[in-house]
Amino acid sequence: MASTTIYTGHRVVVIGAGVAGLAAAVLLAARGLEVTVLERAAAPGGKMREVAAGTARMDGGPTVFTMRWVFEELFAEAGAALGDHLALRPVSVLARHAWSERERLDLFADTEQSAEAIGRFAGAAEARGYRDFCERARKIYRTLEGPFIRAARPTPLSLAAGAGLRGLTDMWGVSPFATLWAELGRHFRDPRLRQLFGRYATYCGSSPFLAPATLMLVAHVEQAGVWLVEGGMHRLALAMARLAEAHGARFRYGAEVAEIEARGGRVSGVVLAGGERIAADAVVANADLAALAGGLLGDAARRAVPKPAPERSLSAMTWCLEAGTSGFPLARHNVFFSADYAAEFRDIFERGRLPAAPTVYACAQDRDDAGAGPDGPERLLVLTNAPAIGDRRPFTGEEIASCERASFDLLRRCGLRVDRRPEAVTLTTPLGFERLFPATGGALYGRSLHGWSSSFGRPGAATRLPGLFLAGGSVHPGPGVPMAAMSGRLAAAQLLGHLASAARSGRTAMPGGMSTR
Ligand SMILES: Cc1cc2nc3c(=O)[nH]c(=O)nc-3n(C[C@H](O)[C@H](O)[C@H](O)COP(=O)(O)OP(=O)(O)OC[C@H]3O[C@@H](n4cnc5c(N)ncnc54)[C@H](O)[C@@H]3O)c2cc1C
């Protein structure tokens, strides 16, 4: 945000303290607006939440922290330094991957180290394929960062104009219509490597068999840096909330917004589930787009937003547990692959059922990237992908038990024993995620990115109702902690832009004074 005008007396309500709501709250409060954040949960963070299991508390949501620059810029815009609020350590081992007890592969932050490991694992040709893949992923990322990720509302045309001919040629050395899976076949012959890099589609809640090849950029994002947040990812949410508070924002927890009100053709405030009215000149909604479009926040909000694309992204089954482990040298991030990746995604997206043979992610939260950890029980987040049908039907006890068996059996076949005690396990199903994030069915990443044009299907921050802005993983530029934070930043920028243009034209769209630093 280039201008430093300070706005006073403008009342903004932010609905939701997910990372996007927090980003908007920080930036708007730093510019002098009167910000009130209303959050239905008991703490900030949204999906970046802390979960209790046994005697422990642990991250129950995101665990991979990337694109640190997004937060450095955000904190700097609010006059603070990220490093003063959060201790971050870069990892050298990005993740440990396993297919069986004998087949293991580590990926490293250092591309050459990864290439050597891939060479030892699958041969020199695959190592060359990996180097080409990295170069392609880097070019795609470089092309998209400005005209897509940072842009308010990109279209295929604006992207073409912003990227320039060179950028587009770099990016579309792959066909714009190719799927990630097909493109990976051009770089890797070994199906295990195709599976490993195809998994990046799931970071956006999508299937590698349907997602566009441009999602290769996720590989570059990881190589550009993964950090461990001391104390857990949830600390990031706490740090952002504290920063917003330091600039005068007020946070109310256990405060569920039931309706966004409009008067005279623009936003006038919100009504809480208990009936309390809070007047506002602008509202930033961090609830899922599906909740607004489905009428959960009233008619004015429903009419103001477009219908989301029909297909939901992935949900998950997550087990947070405190348990003894043995047999497998766990790193911080570990992935155990199923034998048939295509079948897994068919189960989820075509059959709407829990995968019979899931791929399993395990985050060993007490370990560093190299694997050093505690002697006794440790904190694990174990995750498998699942269909987002939490609002349609709950899974039966037998379905859940069978998914759990399949997941932990795979770990055992790969050499990892996890000594689970039922009293130290907290399970969250798609139904549980639906309850936490209403109208999503438990989808964790908004809509799926299936098809080449899907990236352009997400709305930007502005809506048809003046004064109402959107922020979150279901709007542009999409899900993931840094991307959602970017969307909060874009929402704040649009809101301030509207204020500035109202001031220039002499309108008093929002009451209150204005001064310039
Ligand atoms: C298990 C899991 C693993 C993940 N792993 C990663 C990862 O490793 N790396 C990564 O970058 N991303 C990961 N993600 C995705 C990432 O967590 C999300 O994309 C991001 O946190 C979404 O942020 P958001 O701003 O959209 O808000 P959300 O987190 O969706 O929060 C929205 C908030 O709004 C509140 N709210 C909704 N409706 C109302 C209402 N009516 N009134 C008041 N409050 C309301 C909700 O309670 C919630 O707190 C993961 C997500 C999950 C669940």
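Up top is the structure these notes are about.
Now for a quick tour of the structure. (Residues numbered from 1 in each chain as written. Predicted model: local features only at pLDDT ≥ 70, side-chain atom pairs only at ≥ 80, totals over all residues. Heavy atoms only, no water.)

Our next topic: the site of the ligand. Among the 34 residues in the neighbourhood of the ligand, the closest are listed as Glu 39, Lys 47, Gly 473, Gly 480 and Val 481. The separation between an oxygen atom of the ligand and a polar side-chain atom of Glu 39 is 2.6 Å. When the ligand is considered free in solution it has 1,000 Å² of accessible area, and contact with the protein chains removes 92% of it. Going through the elements one at a time, α1 (19-30), β3 (34-39) and α16 (481-504) are the ones with two or more residues in the shell around the ligand. (Near = heavy atom within 4 Å. Polar contact = N/O pair within 3.5 Å; in protein donor to acceptor, adjacent residues only side chain to side chain. Areas by Shrake-Rupley, 256 points an atom, 1.4 Å probe, with all protein chains shown as cover. Helix = DSSP H or I, 4+ residues; strand = E, 2+ residues; numbered from the N terminus.)

Here we come to the state of the cysteines. Throughout this description, disulfide means a covalent bond between two cysteine sulfur atoms. For the structure on display, the rule yields zero disulfides. Note on Cys 204: no disulfide assigned, nearest cysteine sulfur contributed by Cys 134 at a separation of 18 Å. Summary of cysteine pairing: Cys 403 is not part of a disulfide, and the nearest cysteine sulfur, belonging to Cys 320, is at 15 Å. Given the relative accessible area of 3%, Cys 403 is considered buried. (Disulfide = S-S within 2.5 Å. Buried < 20%, exposed > 50% of the residue type's maximum accessible area, 1.4 Å probe, protein only.)

A sheet is described by the order of its strands in space; here five strands give the open sequence β10-β3-β2-β14-β21, paired in parallel fashion. On the outer flanks of this sheet lie β10 (250-253) and β21 (468-470), each paired with one strand and no other. Strand-to-strand twist of the sheet, defined as the mean angle between neighbouring strand axes without regard to direction, takes the value 20°. Relative to β21, strand β14 (residues 282-285) runs parallel, the two sharing three bridges. When the bridges of β21 are listed, Val 283 appears paired with Leu 468. (Pairing = 2+ DSSP bridges. Axes fitted to C-alpha atoms, helices over the stretch in contact; angles between N-to-C directions.)

Phe 71, Phe 197, Met 240 and Val 284 are the most contacted members of the largest nonpolar core, which has 119 residues in total. Take this core: its biggest share by element is 11 residues, from α1. Sequence-distant contacts of Phe 71, defined by excluding residues within four places in its chain, comprise Val 19, Phe 65, Leu 82, Leu 236, Met 240, Val 481, Pro 482 and Ala 485. (Core = buried A, V, L, I, M, F, W, Y, C linked by side-chain atoms within 4.5 Å. Contact = heavy atoms within 4.5 Å.)

Remark: helix α7 (residues 180-187) packs on helix α8 (residues 191-198), axes separated minimally by 9 Å, with the N-to-C direction vectors making an angle of 135°. Viewed along their axes, α7 and α8 adopt a mutual orientation that is oblique. Where α7 crosses over α8, the handedness of that crossing is right-handed. Mapping the contact onto sequence places Leu 180, Trp 181, Ala 182, Leu 184 and Gly 185 in α7 and Arg 194, Gln 195, Phe 197 and Gly 198 in α8. Of the residues that constitute the contact of α7 with α8, the class distribution is five nonpolar, three polar and one charged. (Parallel < 35°, antiparallel > 145°, perpendicular 65-115°, else oblique. Left-handed = near helix turned anticlockwise from the far one by under 90°. Nonpolar A, V, L, I, M, F, W, Y, C, P; charged D, E, K, R; others polar.)

For the structure on display, the rule yields 27 salt bridges. Arg 57 is paired through a salt bridge with Glu 50; the nearest N and O atoms lie 3.0 Å apart. Glu 50 sits in the partly exposed class, given a relative accessible area of 30%. Between Arg 96 and Asp 106 there is a salt bridge, and its shortest N-O distance comes to 2.8 Å. Of the two residues, Arg 96 sits in strand β7 (residues 93-98) while Asp 106 sits in strand β8 (residues 104-108), which places them 10 residues apart along the sequence. By sharing partners, the salt bridges in this structure join Glu 73, Glu 77 and Arg 489 into a single network. (Salt bridge = Lys/Arg side-chain N within 4 Å of Asp/Glu carboxyl O.)

On the secondary structure map, Leu 289 appears in helix α11 (residues 289-293). Taking the C-alpha atoms as reference, Leu 289 lies 8.9 Å from Ala 471; in sequence the two are 182 residues apart. Sequence-distant contacts of Leu 289, defined by excluding residues within four places in its chain, comprise Val 305, Pro 306, Pro 308, Pro 459, Leu 470 and Ser 474.

Okay, unusual backbone geometry next. Backbone geometry follows two general trends: most residues other than glycine have a negative phi, and most peptide bonds adopt the trans configuration. Backbone torsion omega between His 476 and Pro 477 reads 5°, so that peptide bond is classified as cis. The phi torsion at Met 67 lies on the positive side, around 50°, for a residue other than glycine. Mapped onto the secondary structure, Met 67 falls in the loop between β5 (56-59) and α2 (68-77). Given the relative accessible area of 8%, Met 67 is considered buried.

Before going further, it helps to spend a moment on the pairing of β3. Burial analysis of β3 places five of its six residues in the buried class, which makes it a mostly covered element. In this structure, strand β2 (residues 11-15) lies alongside β3, joined through five bridges in parallel fashion. Along β3, the bridge assignment pairs Val 13 with Thr 36. A crossover connection joins β2 to the parallel β3 through α1; in handedness this β-α-β unit is right-handed. Direction of pairing for β3 relative to β10: parallel, over a ladder of four bridges. Looking at β10, one finds that Leu 38 is bridged to Arg 252. (Right-handed = clockwise from strand over helix to strand, strands pointing away.)

Let's shift gears to empty space enclosed by the protein. If a probe as big as a water molecule is rolled over the atoms, it shows which places are left empty. Using the criterion set out here, one finds two cavities of 30 Å³ or more in the structure. Considering only enclosed or pocket space, the largest cavity measures out at about 110 Å³ in volume. Looking at the largest cavity, it is lined by 14 residues, and the ones nearest its centre are Ala 95, His 97, Arg 199, Tyr 203 and Glu 222. Of all the secondary structure elements, the ones that give two or more residues to the lining of the largest cavity are β7 and β16 (333-336). The biggest single contributor to the lining of the largest cavity is β7, with three residues. Residues of the lining of the largest cavity, tallied by class, amount to 10 nonpolar, two polar and two charged. Space inside the second largest cavity adds up to approximately 60 Å³. In this structure, the second largest cavity is lined by Asp 59, Thr 63, Phe 65, Trp 227, Leu 228, Val 229, Gly 232, Met 233, Arg 332, Cys 363 and Gln 365. (1 Å grid on protein atoms, 1.4 Å probe; cavity = no way out; pocket = protein on both sides within 12 Å on 5 of 7 lines; lining within 4 Å. Points joined across faces, edges and corners; volume = space filled by probe spheres on them.)

Among the secondary structure elements, Arg 504 is positioned in helix α16. For Arg 504, a relative accessible area of 67% puts it in the exposed group. The spacing of Arg 504 and Ala 370 is 134 residues in sequence and 56 Å in space, taken between C-alpha atoms.

Between its first and last C-alpha atoms helix α4 (residues 111-122) spans 16 Å; for 12 residues at 1.5 Å apiece the expected length is 16 Å, and the two agree. Turning to α4, its buried residues number three or more, namely Ser 114, Ala 115, Ala 117, Ile 118 and Phe 121. Down the axis of α4, the buried side of the element spans an arc of 165°, and every buried residue falls inside it. Residues of α4 that are buried make contact with β8, α5 (124-149) and α8. Note on α4: the residue one or two positions beyond its end, Gly 123, has a positive phi of about 105°. (Expected span 1.5 Å × (residues − 1). Arc of directions from axis to C-beta.)

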